[in-house]
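A structural walkthrough
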Amino acid sequence: MSSSDRIELSIDSGTWNPMDEDMVSLDPIEFHSEEEPYKDRIDSYQTKIGLTEAVQTGTGQLNGIPVAIGIMDFQFMGGSMGSVVGEKITRLVEYATNELLPLILVCASGGARMQEGSLSLMQMAKISSALYNYQTNKKLFYVSILTSPTSGGVTASFGMLGDIIIAEPNAYIAFAGKRVIEQTLNKTVPEGSQAAEYLFHKGLFDSIVPRNPLKRVLSELFQLHDFFPRTPNEK
């Protein structure tokens, strides 16, 4: 599901306000590739997908409740997290902190972007630090939604830091992929052991929610945590 389709599904019509749309990746480590140069690859995805990066961030209303939301798009370089993805999510968390908004992050990613090296890995700590201030110091409410696939550095950071963690049915959720584990450890990964249903029974997250009732479930969670729809006068 594209990030734009998910915005349409989750956010009330006419209330979506995107943030940092003009932020684009450069080539900070001058990544060498014998195939397509990194900058050209970014340009081709921007043309093909119609997005500037692998995440859309912004604010809107969910059943009348003001929210801050970030939605990753797996179609853009496998939803990989480079410096721009990390910066956009961090800015969203900081905005939600300052405006006292509930936060939703929808994860769909293969992990950190190798073309930006350790700068990609640094985004894990940066986002986690912003979330610490949001959750621990400001006592605000963050819902993480894990879609298929969620893996690598996203799983190892903000994907698993939600106050409530929701997965979609049959979602593939992992840190390292099945093939990588088997080649590295020379052990067979049991079939289905990285599926949402198996991991739910092991206590990895709070609930498995299909897409159709998700908006209602989120609305109920927010109201349970004292976030309510705006009155007509507040709009």
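Named according to an unreviewed UniProt entry, the protein chain is CoA carboxyltransferase N-terminal domain-containing protein originating from Crotalaria pallida.

So, the pairing of strand 4 (residues 103-109)
In terms of burial, strand 4 is largely enclosed, as seven of its seven residues are buried. With burial as the criterion, each face of strand 4 is covered, one bearing Leu103, Leu105, Cys107 and Ser109 and the other bearing Ile104, Val106 and Ala108. The pairing of strand 3 (residues 65-72) with strand 4 spans four bridges and is classified as parallel. Paired with Ile71 across the strands is Val106, a residue of strand 4. The handedness of the strand 3 to strand 4 crossover, carried by helix 3 (residues 83-99), is right-handed. Bridging between strand 4 and strand 5 (residues 142-150) involves six bridges; their strand directions are parallel.

A look at the sheet that holds strand 5
Sheets are built from strands paired through backbone hydrogen bonds, the pairs being either parallel or antiparallel. If you trace the seven strands from one edge of the open sheet to the other, you get 1-2-3-4-5-6-7, paired in mixed fashion. Strands with a single pairing partner mark the edges of an open sheet, and in this sheet they are strand 1 (17-19) and strand 7 (207-208). Taken together, the two bridges between strand 6 (residues 164-167) and strand 7 define a ladder with parallel strand orientation. Opposite Ala167, over in strand 7, you have Ile208 as the bridge partner. Against the sheet, helix 3 engages strand 1, strand 2 (55-62), strand 3 and strand 4, with an angle of about 25 degrees to strand 2.

What to know about the packing of helix 3 against helix 4 (residues 117-137)
Two numbers describe how helix 3 lies on helix 4: the axes approach to 9 Å, and their chain directions differ by 5 degrees. Classified by the interaxial angle, the pair formed by helix 3 and helix 4 is roughly parallel. On the side of helix 3, the interface is formed by Ser83, Gly86, Glu87, Ile89, Thr90, Val93, Glu94, Ala96 and Thr97, while helix 4 contributes Leu119, Gln123, Lys126, Ile127, Ala130, Leu131, Asn133 and Tyr134. Along the lines of polarity and charge, the residues of the contact of helix 3 with helix 4 split into eight nonpolar, six polar and three charged.

Structural notes on the pattern of salt bridges
Any two side chains of opposite charge can pair, on the condition that their charged atoms come close. With the rule as written, the count across this model stands at ten salt bridges. Note that Arg113 is salt-bridged to Glu53, the shortest N-O span being 2.8 Å. Here the residue Arg113 occupies a position in the loop between strand 4 and helix 4, and Glu53 occupies one in the loop between helix 2 (38-49) and strand 2, the gap between them amounting to 60 residues. Overall, Arg113 belongs to the buried group, its relative accessible area being 1%. The buried category is assigned to Glu53, whose relative accessible area is 1%. Here the residues in one salt-bridge network are Asp20, Glu87, Arg91 and Lys126, joined through shared partners.

Looking at unusual backbone geometry
The linkage connecting Ser148 with the following residue, Pro149, adopts the cis geometry, with an omega of -5 degrees. Mapped onto the elements of the fold, Pro149 is located in strand 5. Of note, the phi angle at Leu100 is positive, near 60 degrees, even though the residue is not glycine. The residue Leu100 is located in the loop between helix 3 and strand 4 in this model.

A look at the environment of Asp22
Mapped onto the elements, Asp22 comes out in the loop between strand 1 and helix 2. With 30 residues separating them in the primary sequence, Asp22 and Thr52 have C-alpha atoms 7.1 Å apart.

A look at helix 4
Its 21 residues give helix 4 an end-to-end C-alpha distance of 31 Å, which sits within 8% of 30 Å, the value for a rise of 1.5 Å per residue. For helix 4, the full list of buried residues reads Ser120, Gln123, Met124, Ile127, Ala130, Leu131, Tyr134 and Gln135. Looking straight down helix 4, one finds that the buried residues subtend no more than 145 degrees of arc, so they occupy a single side. Turned more than 90 degrees away from the buried face of helix 4, the exposed residues are Met122, Ala125 and Tyr132. Structurally, helix 4 contributes buried residues whose contacts are with helix 3, strand 4, strand 5 and helix 5 (152-155).

As for the side chain of Ser109
Along the chain, Ser109 turns up in strand 4. Reaching out from Ser109, the side chain makes a polar contact with the backbone nitrogen of Gly111 at a distance of 2.9 Å. Not counting residues up to four positions away in its chain, the partners in contact with Ser109 are Met72, Phe74, Gly78, Gly79, Ser80, Met81, Pro149, Thr150, Ser151 and Val154.

The rules behind these values
Residues numbered from 1 in each chain as written. Predicted model: local features only at pLDDT ≥ 70, side-chain atom pairs only at ≥ 80, totals over all residues. Heavy atoms only, no water. Buried < 20%, exposed > 50% of the residue type's maximum accessible area, 1.4 Å probe, protein only. Helix = DSSP H or I, 4+ residues; strand = E, 2+ residues; numbered from the N terminus. Pairing = 2+ DSSP bridges. Right-handed = clockwise from strand over helix to strand, strands pointing away. Contact = heavy atoms within 4.5 Å. Axes fitted to C-alpha atoms, helices over the stretch in contact; angles between N-to-C directions. Parallel < 35°, antiparallel > 145°, perpendicular 65-115°, else oblique. Nonpolar A, V, L, I, M, F, W, Y, C, P; charged D, E, K, R; others polar. Salt bridge = Lys/Arg side-chain N within 4 Å of Asp/Glu carboxyl O. Expected span 1.5 Å × (residues − 1). Arc of directions from axis to C-beta. Polar contact = N/O pair within 3.5 Å; in protein donor to acceptor, adjacent residues only side chain to side chain.

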